[in-house]
Amino acid sequence: MKMPAVLLLASMMLFSGAVAVHGRDRDCGDRHRDSDFLRNCDVDWDEDEGLLTFTNEYDDDEVIEITKEYQLTVNGESVRLDRRQKGLVKDYYGRFEELHETAEEIGMAGAKLGVKGAEIAAVVLKNICKLLGDDADEFEEEVEREAEKLEAEAGKLEAKADRLEEIVDDLEELHHDLKKAVPELGGLDWF
């Protein structure tokens, strides 16, 4: 491997994560484009309070809240739920909690992966002289080993992203079930 190839490898490692995330985001957007799922509301997850809040993005007086005890309020009014409805609220809340946790894991793992890629690129740039000397083959092998480790980590991150997509799909289905089951939600076009 010559110096331009090593530099190309280093730059690919730096930018491949951003490209992959952008591509996944576009694929997800295309798949859910026809859905009204959470299109007209702002969602807030208060982890400390265990409160999930949906606010109409056009009228902040219209608010839906779900507590960690699975109590549902619509515009400040507590909604009385039967057993089936409460089960749907519980599942919905649980999926949001799982979504939040998985997204945090992906964010942390992605940041660590980016740092590792930058470290490898920095080492390559710092040791360019080795590419011209007798140590070139050994250095290239070391960079390739590090790149393989980085690719393995990226594969793990991809699996987590796939899991995140499954959670969103489940959440979207639960969302529609919840709107059908709870009349106070069914009449809200923004939710």
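Residues numbered from 1 in each chain as written. Predicted model: local features only at pLDDT ≥ 70, side-chain atom pairs only at ≥ 80, totals over all residues. Heavy atoms only, no water.

1. Considerations on the overall build of the protein
Reasoning step 1: Regarding its fold elements, the protein presents 5 helices and 5 strands.
Reasoning step 2: Listing every helix and strand of the protein by position from the N terminus yields α-β-β-β-β-β-α-α-α-α.
Reasoning step 3: Counting the 191 residues in the protein, one finds 32% classified as buried.
Reasoning step 4: Across the protein, every contact between residues at least 6 apart in sequence was considered, and the portion connecting residues at least 24 apart equals 60%.
Reasoning step 5: For the protein, the computed accessible surface area is about 12100 Å², with 50% contributed by carbon and sulfur atoms. (Helix = DSSP H or I, 4+ residues; strand = E, 2+ residues; numbered from the N terminus. Buried < 20%, exposed > 50% of the residue type's maximum accessible area, 1.4 Å probe, protein only. Contact = heavy atoms within 4.5 Å. Areas by Shrake-Rupley, 256 points an atom, 1.4 Å probe, with all protein chains shown as cover.)

2. Regarding the pattern of salt bridges
Reasoning step 1: By the definition in use, this model includes 5 salt bridges.
Reasoning step 2: The salt bridge involving E98 is made with R163; its shortest N-O contact spans 2.5 Å. Taken as a pair, E98 in helix α2 (residues 83–126) and R163 in helix α4 (residues 136–181) lie far apart in primary sequence, 65 residues in all.
Reasoning step 3: We classify E98 as partly exposed; its relative accessible area is 22%.
Reasoning step 4: Owing to a relative accessible area of 30%, R163 belongs among the partly exposed residues under this scheme. (Salt bridge = Lys/Arg side-chain N within 4 Å of Asp/Glu carboxyl O.)

3. So, the pairing of strand β1 (residues 41–46)
Reasoning step 1: In this structure, β1 lies alongside strand β2 (residues 51–56), joined through 6 bridges in antiparallel fashion. Looking at β2, one finds that D44 is bridged to T53.
Reasoning step 2: The hairpin formed by β1 and β2 contains 4 residues between the paired strands, and G50 there has a positive phi angle of roughly 70 degrees. (Pairing = 2+ DSSP bridges.)

4. Describing the sheet that holds strand β4 (residues 72–74)
Adjacent strands of a sheet form backbone hydrogen bonds with each other and so pair up, either parallel or antiparallel.
Reasoning step 1: Strand order in the open sheet formed by 5 strands is β1-β2-β3-β4-β5, and the pairing between neighbours is antiparallel. Either end of the sheet is taken by a strand with one partner, and the two such strands are β1 and β5 (77–78).
Reasoning step 2: Pairing between β2 and strand β3 (residues 59–66): 5 bridges, direction antiparallel. Across the sheet, the residue bridging to T55 is V63, located in β3.

5. So, unusual backbone geometry
Reasoning step 1: Non-glycine residue Y70 carries a positive phi angle of around 70 degrees.
Reasoning step 2: Given a relative accessible area of 24%, Y70 falls into the partly exposed group.
Reasoning step 3: Backbone geometry at N75 places phi at a positive 50 degrees, although glycine is not the residue there.
Reasoning step 4: Tracing the sequence through the fold places N75 in the loop between β4 and β5.
Reasoning step 5: Using a relative accessible area of 36% as the deciding quantity, one classes N75 as partly exposed.

6. Digging into the environment of A154
Reasoning step 1: Mapped onto the elements of the fold, A154 is located in helix α4.
Reasoning step 2: Expressed as a C-alpha distance, the spacing of A154 and G114, which sit 40 residues apart in the sequence, is 9.8 Å.

7. Some remarks on the packing of aromatic side chains
One pair of aromatic rings is described through two measures. These are the centre distance and the angle between the planes.
Reasoning step 1: Evaluation of the coordinates by the stated rule reveals 8 aromatic pairs.
Reasoning step 2: Seen in terms of ring centroids, Y92 and F96 are 5.4 Å apart; in terms of plane orientation they differ by 70 degrees. Their pairing is edge-to-face. Taken together, the residues Y92 and F96, both in helix α2 and 4 residues apart, mark about one turn of the helix. Each member of the pair, Y92 as well as F96, carries the same accessibility label: buried.
Reasoning step 3: Geometrically, the ring pair formed by W190 and F191 is edge-to-face, given 6.2 Å between the ring centres and 75 degrees between the ring planes.
Reasoning step 4: The exposure class of W190 is buried, given its relative accessible area of 7%.
Reasoning step 5: A network of ring pairs unites the aromatic residues F54, Y92, F96, W190 and F191 as a single cluster. (Phe/Tyr/Trp six-rings, centres within 6.5 Å; stacked < 30°, edge-to-face > 60°.)

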